[in-house]
Amino acid sequence: FIELKAGPEIVPPMVRLIESSGLDSDQIVIISFDADAIAACERERPHLKTHWLAGYEQQKDGRWKPTVDEVIAAWKQTGADGFGTQSRPEHVNEKFIARLRDAGCREFHVWTVDDPRVARFYQELGAWSITTNRPGWLREELGMLSSP
């Protein structure tokens, strides 16, 4: 996973480094919060897998930004292969994921989940991956949640 921390200007030098690395393209996933950087990756090297990332802020009126409609529009604009989302079960819930899937997104990932119940929630929604600070512990806890 290569997370771009800059805009589209970083794409050409990154592509040169990737091409000289000897890695196969299926070993690389480019991720970024910058929609323009992901779109530039898709234009320059569409065979590289990309994920656009989004985090959320709750507004004073209780609404969350970005909304699911804003996420879908940005994700579509990037041409990304997948979507990485901040763990916010109160916003990124069943309806949110259903809307994302209806828009054509088949692959979503969630970060950073250190609560086994939240991990189970996203697992049941079909998250392709769950990023955590405590992988061994979380795996064990998820196993305990499954036990009678």
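The written sequence of each chain sets the order in which its residues are numbered from 1. Since the coordinates come from a predicted model, pLDDT governs what is reported: local features require at least 70, and pairs of side-chain atoms require 80 or more to be given and counted, while whole-chain, interface and lining totals use all residues. Processing note: side-chain calculations cover all non-hydrogen atoms of the structure and skip hydrogens and water entirely.

Novice: I tried to follow the packing of aromatic side chains on my own but got confused; where do I start?
Specialist: When we look at a pair of aromatic rings, we describe it by the centre distance and by the angle of the planes. Aromatic rings from Phe, Tyr and Trp, with only the six-membered ring used for Trp, were paired whenever their centres fell within 6.5 Å, and each pair was classed as stacked if the ring planes differed by under 30 degrees, edge-to-face if by over 60, and tilted otherwise. This model, assessed by the stated rule, comprises four aromatic pairs. Ring geometry for Phe 121 versus Tyr 122: centroids 5.0 Å apart, planes at 70°, classification edge-to-face. Tyr 122 carries the same exposure label as Phe 121, and that label is buried. The ring centre of Trp 137 lies 4.0 Å from the NZ or CZ of Arg 134, which sits over that ring. Buried, partly exposed and exposed residues are distinguished by accessible area as a fraction of the type maximum, computed with a 1.4 Å probe on protein chains only: under 20%, between the cut-offs, and over 50%, respectively. Sitting over a ring, as applied to charges here, requires NZ of Lys or CZ of Arg to be within 6 Å of the ring centre and within 35 degrees of the ring normal.

Novice: Where do I start with the pairing of strand β7 (residues 108-111) in this structure?
Specialist: The pairing criterion for strands is at least two bridges between them, as found by DSSP. Each helix is a run of DSSP H or I of at least 4 residues and each strand a run of E of at least 2, with the numbering of both proceeding from the N terminus. Judged from the four bridges that link them, strand β6 (residues 82-86) and β7 form a sheet pairing that is parallel. Residue pairing for β7: Gly 84 is matched across the bridge by His 109. A right-handed crossover is one whose linking path, passing over the helix from the first strand to the second, runs clockwise when the strands point away from the viewer. With respect to chirality, the unit in which β6 leads through helix α4 (residues 94-102) into the neighbouring parallel β7 is right-handed. When β7 meets strand β8 (residues 129-130), the two strands line up parallel, connected through two bridges. Bridge pairing in β8 links Val 110 to Ile 130. You can see the chain leave β7, run along helix α5 (residues 116-124) and come back into β8, and the turn it takes is right-handed.

Novice: Explain the sheet that holds β7 to me, please; I cannot follow it from the model alone.
Specialist: Where strands meet in a sheet, backbone hydrogen bonds hold them as pairs that are either parallel or antiparallel. In spatial order, the strands read β1-β2-β3-β6-β7-β8; together these six strands make up an open sheet with parallel pairing. Of all strands in the sheet, those with a lone pairing partner are β1 (2-4) and β8, marking the two edges. Sheet analysis places strand β3 (residues 49-54) next to β6, joined by four bridges and oriented parallel. Following the sheet pairing, Leu 53 is matched in β6 by Gly 84. Contacts were defined at the residue level, with two residues in contact if any of their heavy atoms lie within 4.5 Å. Orientation is described by axes fitted as lines to C-alpha atoms, over the contacting stretch for helices, and by angles from 0 to 180 degrees between their N-to-C directions. Strand contacts of helix α1 (residues 11-21): β1 and β2 (29-32), with the helix running at about 165° to β1, the strand carrying the most contacts. Each of β3 and β6 is contacted by helix α3 (residues 68-78), which is oriented at about 155° to β3, the strand it contacts most.

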